[in-house]
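Commentary on secondary and tertiary structure
Given next are the chains, with one letter for each unit.
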Amino acid sequence: ADAIAERSRERSDDEWSRDLDDAEARFAAGELETALVLVQRVLAGRPADDRASDLERRLLARMDEISRIAERDRLIEQAEARLDSGDLEGAIASAHLVLARDRDDADALGVVQRAYALLSQRLLGDGPEQNLPPAIRFVDQRVANPDGTLVHSVREPGLRLRGFVIDETTVAVTASAG
């Protein structure tokens, strides 16, 4: 500490200013780590330097922003990969980690939309050909009408399911007493 104090006394204001000018130039060039080292060297010798403190705050904020963007990009890439591999729930989970930070993120919302569309297609397709859970197989007991529509008639529902599935198929609900 004494050596740093001694060296800082030997430096002129112009030398400190040149270090900060260099740090500003490196910040502008995107050399954030190098700029931070220069600023922290100035702060070690002149802890009350307002210009150095302000530059350090801006550098740390920019580095934090870059880190957040990189994490967001990694999660979106992971969600896309899971979606492509058929891990729909994993894709939704990765996209939700992005949406927890930015609920309007278009890429994450797109992954969730595509994953739910694929889930709906899997669950409400022409029939449960996949290895679906028993509750879903129970639900999909539709029969084909002569006009080609699929119908599921329920007289006394013994099982009630809650939730939703996104599907663009037209649904007609008919109730009859009898």
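Above: the structure in question.
Remember, predicted model here, so these are calculated numbers, not experimental data.

Moving on, we come to the overall build of the protein. For the protein, the count of helices and strands is 7 helices and 2 strands. Going from the N terminus to the C terminus, the protein shows its helices and strands as α-α-α-α-α-α-α-β-β. Taking all 178 residues of the protein together, 24% fall into the buried category. Put simply, of all contacts in the protein between residues at least 6 apart along the chain, 43% involve residues at least 24 apart. Taken as a whole, the protein presents about 12,900 Å² of accessible surface, with 51% of it coming from carbon and sulfur.

Now for helix α2 (residues 13-28). In an α-helix there are 3.6 residues to a turn, and that puts residues three or four apart on one side. In this model α2 runs 22 Å from its N-terminal to its C-terminal C-alpha over 16 residues, within 8% of the 22 Å that 1.5 Å per residue would give. Buried residues of α2: W16, D19, L20, A23 and F27, and no others. Buried positions in α2, seen along its axis, are confined to an arc of 95° and lie on one side of it. Residues of α2 that are exposed and point more than 90 degrees away from the buried face comprise D14, R18 and A28.

For the rest of this paragraph, the subject is the side chain of S53. Note on placement: S53 falls in helix α4 (residues 50-85). Beyond its immediate stretch of four places on either side in the chain, S53 contacts L43 and P47.

Another aspect to go through is the environment of D84. Topologically, D84 is positioned in helix α4. Remark: the alpha-carbon pair of D84 and A115, spanning 31 residues in sequence, is separated by 9.7 Å.

Let's shift gears to the pattern of salt bridges. This structure, assessed with the given rule, holds 14 salt bridges. Notably, a salt bridge pairs R58 with E24, separated by 2.8 Å at the nearest N-O pair. Here R58 is found in helix α4, whereas its partner E24 is found in helix α2, with 34 residues between them in sequence. A residue is classified by how much of its surface remains accessible, and R58, at 33% relative accessible area, is partly exposed. The partner of R72 in a salt bridge is D73, with the nearest N and O atoms 2.9 Å apart. Here the salt bridges do not stand alone but share partners, grouping R72, D73, D105 and D107 into one network.

The next point concerns helix α6 (residues 106-124). If you check α6, its first and last C-alpha atoms are 26 Å apart, about what 19 residues at 1.5 Å a residue would give, namely 27 Å. Inspection of α6 places A108, G110, V111, V112, A115, L119, S120 and L123 among the buried residues, and these make up the whole buried set. If you check the start of α6, you find a side-chain oxygen 3.1 Å away from the backbone N of D107, and it comes from D105.

Counting 15 residues, the largest nonpolar core has L83, A95, V98, A108 and V111 as its most contacted members. Only α4, α5 (88-101) and α6 provide two or more residues apiece to this core. With 6 residues, the single largest contributor to this core is α5. The contact partners of V111, leaving out residues within four places of it in the chain, are A79, E80, L83, A91 and A95. Core analysis: the second largest hydrophobic core is formed by 14 residues, W16, A35, V42 and L59 among them.

Definitions and cut-offs
- Residues numbered from 1 in each chain as written.
- Predicted model: local features only at pLDDT ≥ 70, side-chain atom pairs only at ≥ 80, totals over all residues.
- Heavy atoms only, no water.
- Helix = DSSP H or I, 4+ residues; strand = E, 2+ residues; numbered from the N terminus.
- Buried < 20%, exposed > 50% of the residue type's maximum accessible area, 1.4 Å probe, protein only.
- Contact = heavy atoms within 4.5 Å.
- Areas by Shrake-Rupley, 256 points an atom, 1.4 Å probe, with all protein chains shown as cover.
- Expected span 1.5 Å × (residues − 1).
- Arc of directions from axis to C-beta.
- Salt bridge = Lys/Arg side-chain N within 4 Å of Asp/Glu carboxyl O.
- Polar contact = N/O pair within 3.5 Å; in protein donor to acceptor, adjacent residues only side chain to side chain.
- Core = buried A, V, L, I, M, F, W, Y, C linked by side-chain atoms within 4.5 Å.

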